[in-house]
Amino acid sequence: MHINKEAFGSDFLWGVSTAAYQIEGAHDAHGKGPSIWDIFVKKRNKIFNNQHADMACDFYNRYIEDLELLHRLNIPNYRFSIAWSRIYPDGIGAVNQAGIDFYNRLIDLALELEITPWVTLYHWDLPYALELRGGWLNREVTQWFCQYVKTCVQHFGDRVSHWMVLNEPTVFTAAGYFFGIHAPGKKGLDNFLAAAHHAALCQAYAAAVIKSLYPNSSVGTTFSCSHVEPYSPRQKDIVATQKADVLLNRFFIEPLLGMGYPTKEIKVLRRIEKFMQQHDERDLQFNMDFIGLQNYTREVIRHSYFVPFINAKIVSAKKRKVPTTAMQWEVYPEAMYHILKKFQAYPNIPPLLITENGAAFPDTVVHNQVDDPKRLFYLQQTIAQVLKAKEEGVQVKGYFVWTLLDNFEWAEGYAPRFGLVYVDFNTQQRIVKSSGQWYADFLKNDSSSQFTGSVRNI
Ligand code: BGC
């Protein structure tokens, strides 16, 4: 079957996603306060080669050429995040007008170029001043966050009508507060549960703030999700897989849908109740206009006596000897189909959007060109899986590639390249990769961009 853009219908939303800390640079320009990431990256041996994002893609200074590039690539929707500490250098208190001005310029130019802005309000860069007051562990974060959200919506809501409250709460609470491998580097179950509960409250509270100011806006939030499969049909592996599913896929969506936290499979998660107040369970629920799903791979799970709390572990792609990306994630486009079916099966689930999907592979520049067939293949095959789910009735309304530019990939530094556009971090030169050119042609509905979704059981 030949796939082109038309197969998705004319109202399907196509776009790309980015995040402030990963691209903006200008970490202390024009009154911006430090975020937890600005501080975390300066600690020894936290980030690959001790890299940081002080400059990153210098998007703060180059947003004009980068938006023009988006326009040239025919990309109609652009998801980006606002850096909280550009708006509020101390997290709360005085607003930094220069920060407001920057996002005003960005939004205005996008609209002028007929690119619709999709704004993420929190993509992991908590103001450091708030971390000093307990950060996500302090329940007051819900008030700080709502104030920040209100300010953003008051300033930008006349032109922005698509909002995403959080980016992947599972990842920033688990990596930042349980494993300590992301900012702010905290560890332990109680830290994770406190951060998770406050983030879950923020999802619902902040969505209500946006709706109260702009009732017609479209409000969602985004979740990381992985298709999970047991390593073997043994009962122990099946149970382990169900537990991994709770943590990887179910933990934040279920309270949002009014189902409460999924604690049946992992009893120790009931400790979250320690952080809950009387009406919290009710307050965690919110009718979002859409749910953003972000999928990159599948995980194969097996029982393990050695892993505390869940007795489950991921069997790495390397161990399974399957093809991987530069992140060591299995190349498995079919995961997208399974994830869409899984989330669609929740009763009363709002429409779904794929707000991130992409792949990192090593890229080389030859004669000023970057040919990236592996990324191209992955994107096409995943898009084919989105179509398959859509044709089976899944309410999936759009697809955003992660990401426009090669950028700062958190703990992995600049090593993994996810961009449709190559960035030379010494010169800041941008080179559109062949995958980027293909996406541009596909979005123009150029017949040369048609492809066949034909890998493994599609
Ligand atoms: C995050 C991005 C990240 C991407 C690839 C998602 O978890 O939202 O910030 O760069 O995946 O790892």
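Quick note: structure is the one above.
Here's what I pulled together on the structure shown here. Keep in mind that what you see is a predicted model, and the values were worked out from it rather than measured. (Residues numbered from 1 in each chain as written. Predicted model: local features only at pLDDT ≥ 70, side-chain atom pairs only at ≥ 80, totals over all residues. Heavy atoms only, no water.)

## Quick look at the packing of helix α8 (residues 169-177) against helix α9 (residues 189-213)
Here comes step 1: Where α8 contacts α9, the axes come no closer than 9 Å and their chain directions differ by 155 degrees. Between α8 and α9, the interaxial angle falls into the category roughly antiparallel. Every pair of crossing elements has a handedness; the one defined by α8 and α9 is right-handed. Mapping the contact onto sequence places Pro169, Phe172, Thr173, Ala174 and Tyr177 in α8 and Asn191, Phe192, Ala195, Ala196, Ala199 and Gln203 in α9.
Here comes step 2: The residue makeup of the contact of α8 with α9, split by class, is 8 nonpolar, 3 polar and no charged. (Axes fitted to C-alpha atoms, helices over the stretch in contact; angles between N-to-C directions. Helix = DSSP H or I, 4+ residues; strand = E, 2+ residues; numbered from the N terminus. Parallel < 35°, antiparallel > 145°, perpendicular 65-115°, else oblique. Left-handed = near helix turned anticlockwise from the far one by under 90°. Contact = heavy atoms within 4.5 Å. Nonpolar A, V, L, I, M, F, W, Y, C, P; charged D, E, K, R; others polar.)

## Here's the deal with the environment of Glu281
Here comes step 1: Tracing the backbone shows Glu281 in helix α12 (residues 280-283).
Here comes step 2: Judged by relative accessible area, which is 48%, Glu281 ranks as partly exposed.
Here comes step 3: Glu281 sits 225 residues away from Ala56 along the chain, and the two C-alpha atoms are 40 Å apart. (Buried < 20%, exposed > 50% of the residue type's maximum accessible area, 1.4 Å probe, protein only.)

## Re helix α7 (residues 141-156)
Here comes step 1: For α7, built from 16 residues, the straight-helix expectation of 22 Å at 1.5 Å per residue is met to within 8% by its first-to-last C-alpha distance of 22 Å.
Here comes step 2: When α7 is considered as a whole, its buried residues turn out to be Val141, Thr142, Trp144, Phe145, Cys146, Tyr148, Val149, Thr151, Cys152, Val153 and Phe156. (Expected span 1.5 Å × (residues − 1).)

## Focus: the pattern of salt bridges
Here comes step 1: Summed over the entire model, instances satisfying the criterion amount to 28 salt bridges.
Here comes step 2: A salt bridge links Arg234 to Asp237, with the nearest nitrogen and oxygen atoms 3.4 Å apart.
Here comes step 3: Using a relative accessible area of 44% as the deciding quantity, one classes Arg234 as partly exposed.
Here comes step 4: Residues participating in the shared-partner salt-bridge network are Asp363, Asp372, Arg375, Asp406, Arg417 and Lys433. (Salt bridge = Lys/Arg side-chain N within 4 Å of Asp/Glu carboxyl O.)

## Considerations on the site of the ligand
Here comes step 1: Around the ligand sit 13 residues, and of these Gln22, Asn167, Glu168, Glu356 and Glu409 come closest.
Here comes step 2: A distance of 2.9 Å is found between an oxygen atom of the ligand and a side-chain nitrogen or oxygen belonging to His123.
Here comes step 3: In the environment of the ligand, an oxygen atom lies 2.6 Å from a nitrogen or oxygen atom belonging to the side chain of Glu409.
Here comes step 4: Considering the ligand on its own, with 310 Å² of exposed area, one finds that the protein chains cover 95% of that surface. (Near = heavy atom within 4 Å. Polar contact = N/O pair within 3.5 Å; in protein donor to acceptor, adjacent residues only side chain to side chain. Areas by Shrake-Rupley, 256 points an atom, 1.4 Å probe, with all protein chains shown as cover.)

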